[in-house]
Amino acid sequence: MFKLVGLTGGIGTGKSTVARMLRDLGVPVIDADLLARQVVQPGQPAHAEIVAAWPEVVDQAGAIDRKKLADHIFADPAGRTRLEAITHPRITALAFEQAGALQKQGFRLAFLEAALLVETGLHSRLDGLVVVAASEEQQVNRVMARAGCTRSQVEARIRAQVSLQEKRRAATDVIDNSGDEATTQRQVEALVRRLLS
């Protein structure tokens, strides 16, 4: 039986680290961020809708400047809702299409890595939900180091997402990524063994 399990967490909790560990174990991970980039490419219906709504976020080549768009919508809840209505159904359709292809290839397990699985309710359509957790201080420090943001910018992004506590309540499994990488690796290996048994 094929299982498609959600993989989520807060910004800076280490979803990408866990996704890499899963891939290293031979488990496919569908990356919603990658799908989000695909659905907003010039020529795609979502691109046209975003350009109509926010013409100022288009660069000279006609592509959407994702940073400009993010700056706009993080400050505007109504704008964020509008953007999600444009992109999420298309991302979801692509994700399930890829999952179907993986199942046909003989995989028994795959993960869908996405920041907003709980926010969109998509986790309820999956065969489980793994939440990657870390302390808020670790989240802030990791994102500041990685993205060159200020503390207040990172904290605003954390507040814009459903709280980690709420995500944990929706989880079937939690990976605690507040320790060293070896500790996280052991948790990931145990999770995969259990899901495949």
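Residues numbered from 1 in each chain as written. Predicted model: local features only at pLDDT ≥ 70, side-chain atom pairs only at ≥ 80, totals over all residues. Heavy atoms only, no water.

Caption draft 1: Spotlight on the packing of helix H3 (residues 45-53) against helix H5 (residues 77-104). Taken N-terminus to C-terminus, the directions of H3 and H5 make an angle of 175°; their axes are 10 Å apart at the nearest point. Overall, the two elements H3 and H5 adopt an arrangement that is roughly antiparallel. Here Pro45, Ala46, Glu49, Ile50 and Ala53 of H3 lie close against H5, whose contacting residues are Arg82, Leu83, Ile86, Thr87 and Arg90. Partitioned by chemical class, the residues of the contact of H3 with H5 number six nonpolar, one polar and three charged. (Axes fitted to C-alpha atoms, helices over the stretch in contact; angles between N-to-C directions. Helix = DSSP H or I, 4+ residues; strand = E, 2+ residues; numbered from the N terminus. Parallel < 35°, antiparallel > 145°, perpendicular 65-115°, else oblique. Contact = heavy atoms within 4.5 Å. Nonpolar A, V, L, I, M, F, W, Y, C, P; charged D, E, K, R; others polar.)

Caption draft 2: Molecular detail of the environment of Phe107. Along the chain, the position of Phe107 falls in the loop between H5 and strand E3 (109-113). As for Phe107 and Ile64, which are separated by 43 residues in sequence, their C-alpha atoms are 34 Å apart. If we skip the residues at most four places from it in the chain, Phe107 touches Phe2, Gly26, Pro28 and Leu102.

Caption draft 3: Representation of the nonpolar core in the model. Judged by nonpolar contacts, the single largest core of 34 residues is most densely connected at Leu4, Ile30, Ile50, Trp54, Leu69, Leu112 and Leu117. If you list the elements that add at least two residues to this core, you get helix H2 (32-39), H3, helix H4 (66-74), H5, E3, helix H6 (117-120) and strand E4 (129-133). The element that contributes the greatest number of residues to this core is H5, accounting for six residues. Residues contacting Trp54, with those up to four places away along its chain left out, are Leu69, Ile73, Gly79, Arg82, Leu83 and Ile86. (Core = buried A, V, L, I, M, F, W, Y, C linked by side-chain atoms within 4.5 Å. Buried < 20%, exposed > 50% of the residue type's maximum accessible area, 1.4 Å probe, protein only.)

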